[in-house]
Amino acid sequence: MKVLLVAGARPNFVKIAPLVAALSDAGGFETRILHTGQHYDEELSRVFFDELGIPRPDENLGVGSASHAVQTARIMTGFEPVLERERPDLVVVVGDVNSTVACSLTAVKLGVPVAHVEAGLRSFDRTMPEEVNRILTDAISDLLFVTEPSGVANLEREGVNGEVHLVGNVMIDTLLRHRDRALARAVPERLGVAPGEYVLLTLHRPANVDDPAILGGVLDAVEEIASKRTVLFPVHPRTRTAIDAAGLSARISAVPGLRGLDPLGYLDFIGLLNDARAVLTDSGGIQEETTVLGVPCLTLRDNTERPITVDEGTNRLVGLDSGRILRAYAEIEAEGGGGVRRPDLWDGEAARRIVAILAAREVE
């Protein structure tokens, strides 16, 4: 079976890494990797391939940054000739970025089966571009590999035509495989902070960073937290642009306990995540990683497409109101650590389950 794996953004690289390894270990598969170039920054892309042992992409579309419509169109027009030349038996897409839906749609229209890894997740908020991407990709995929039971229920309710398989979480496969390497790098010590004595902050969603009033409100809460504990803030390039445009750079620099960092590679970030007292984030994947690591997580959103991280994990939805954020953070300080509550099938074997299903279909 010739399998073409699609990745376009940094979270995608984390998700394809265990699939590449599992396909190689299984034998009987010819694996090709396509990088759409949706996240094109060399520092933020190449390091993920290097650290996670992913082979160099066989194809790189180099689409770069653009509006949703332009970027999606560039991916589709770039992917079509690749499909016609490679003629894969299966296209595997992961996650919910523009590359996911663009490559799925292109493949389906050429009659190439599509497998969606991380299918079925729903925030029920269609103002999120990722939600639209998830719904459309699931509607046209032939195989849907799901991370948590809510995803199965969502797909059943929507009446999708593809085969649905609850397999676990490939992102956690990568986390468990590389956690010891990440800890060995002693990132907190290199940054001069003690493990368990700092808060980690990430912000990147347009709805949170593009409006100066919203971003300023989040910073109100961050400043209060930073008066008590060091807050480490790896700044996403998009967020850096928004901060500069809003004239907030000087304000951030003036907060003694708030330390802006350059973007981090995967291993350094996991090292910081593992030893944080708490995490403030608007990321989806970090909600899952903190759940497995037992680190308290405050998600700066009113919804989540990963409800299991709230029901069984360490995640709390706190929105963007500074008072609500601070009350939830105070509870974390009073309660102490989150404790490990790992959901079923988040055991590091999700990629192997996926490959076993693909191998069984090939035999048929």
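Coordinates for the structure precede this section.
Residues numbered from 1 in each chain as written. Predicted model: local features only at pLDDT ≥ 70, side-chain atom pairs only at ≥ 80, totals over all residues. Heavy atoms only, no water.

Side note on the overall build of the protein chain
Counting its secondary structure elements, the protein chain contains 17 helices and 13 strands. Its C-alpha atoms give the protein chain principal-axis dimensions of about 60 × 40 × 40 Å. Looking at the protein chain residue by residue over its 364 residues, the buried ones come to 55%. Contacts in the protein chain between residues far apart in sequence, at least 24 positions, make up 69% of those at least 6 positions apart. (Helix = DSSP H or I, 4+ residues; strand = E, 2+ residues; numbered from the N terminus. Buried < 20%, exposed > 50% of the residue type's maximum accessible area, 1.4 Å probe, protein only. Contact = heavy atoms within 4.5 Å.)

Quick look at the layout of surface pockets
Estimated volume of the second largest pocket: approximately 250 Å³. Per-element accounting of the lining of the second largest pocket gives the leading share, three residues, to helix H9 (residues 206-209). Broken down by class, the residue content of the lining of the second largest pocket amounts to six nonpolar, four polar and five charged. (1 Å grid on protein atoms, 1.4 Å probe; cavity = no way out; pocket = protein on both sides within 12 Å on 5 of 7 lines; lining within 4 Å. Points joined across faces, edges and corners; volume = space filled by probe spheres on them. Nonpolar A, V, L, I, M, F, W, Y, C, P; charged D, E, K, R; others polar.)

Quick notes on the side chain of His116
Take His116: it is sitting in strand S5 (residues 114-119). Here His116 falls in the buried class, since its relative accessible area comes to 0%. If we skip the residues at most four places from it in the chain, His116 touches Val93, Val94, Gly95, Thr100, Thr137, Asp138, Ser141, Leu143, Leu144 and Phe145.

Here's the deal with the side chain of Thr72
You can see Thr72 is positioned in helix H3 (residues 68-86). Setting aside its immediate chain neighbours within four residues, Thr72 contacts Asn98 and Ala102.

Description of the pattern of salt bridges
Applying the stated rule across the entire model yields 33 salt bridges. In this structure, Arg56 and Asp50 form a salt bridge, with 2.4 Å as the shortest nitrogen-oxygen distance. Residue classification places Asp50 among the partly exposed positions, given a relative accessible area of 41%. Note that Arg251 and Glu223 form a salt bridge whose closest N and O atoms lie 2.6 Å from each other. Pair noted here: Arg251 is in helix H12 (residues 249-253) and Glu223 is in helix H10 (residues 212-226), with a separation of 28 residues, a long-range link. Relative accessible area serves as the criterion here: at 26%, Arg251 is assigned to the partly exposed category. Among the charged side chains, a network of salt bridges with common partners joins Lys15, Asp96, Glu118, Glu131, Arg134, Glu288, Arg301, Glu305 and Arg306. (Salt bridge = Lys/Arg side-chain N within 4 Å of Asp/Glu carboxyl O.)

So, the environment of Asn60
With respect to the helices, strands and loops of the structure, Asn60 is situated in strand S3 (residues 59-60). In the structure, Asn60 is positioned 231 residues away from Thr291 in sequence and 33 Å away in space, judged by C-alpha atoms. Setting aside its immediate chain neighbours within four residues, Asn60 contacts His35, Thr36 and Gly37. Reaching out from Asn60, the side chain makes a polar contact with the backbone nitrogen of Gly62 at a distance of 2.9 Å. (Polar contact = N/O pair within 3.5 Å; in protein donor to acceptor, adjacent residues only side chain to side chain.)

Examining the pairing of strand S2 (residues 30-35)
Judged from the six bridges that link them, strand S1 (residues 2-7) and S2 form a sheet pairing that is parallel. Note that in S2 the partner of Ala7 across the bridge is His35. Regarding the hand of the β-α-β motif, the stretch spanning S1, helix H1 (residues 10-26) and S2 is right-handed. One ladder, built from two bridges, connects S2 with S3; its direction is parallel. By the bridge assignment, Leu34 is partnered in S3 with Glu59. (Pairing = 2+ DSSP bridges. Right-handed = clockwise from strand over helix to strand, strands pointing away.)

Looking at the packing of helix H7 (residues 170-184) against helix H14 (residues 284-293)
Where H7 meets H14, the closest approach of the two axes is 10 Å, and the angle between their N-to-C directions is 50 degrees. Overall, the two elements H7 and H14 adopt an arrangement that is oblique. Note that H7 runs across H14; the crossing there is right-handed. Contacts between H7 and H14 involve Met171, Ile172, Leu175, Leu176 and Arg179 on the former and, on the latter, Gly285, Glu288, Glu289, Val292 and Leu293. Tallied by class, the residues present in the contact of H7 with H14 amount to six nonpolar, one polar and three charged. (Axes fitted to C-alpha atoms, helices over the stretch in contact; angles between N-to-C directions. Parallel < 35°, antiparallel > 145°, perpendicular 65-115°, else oblique. Left-handed = near helix turned anticlockwise from the far one by under 90°.)

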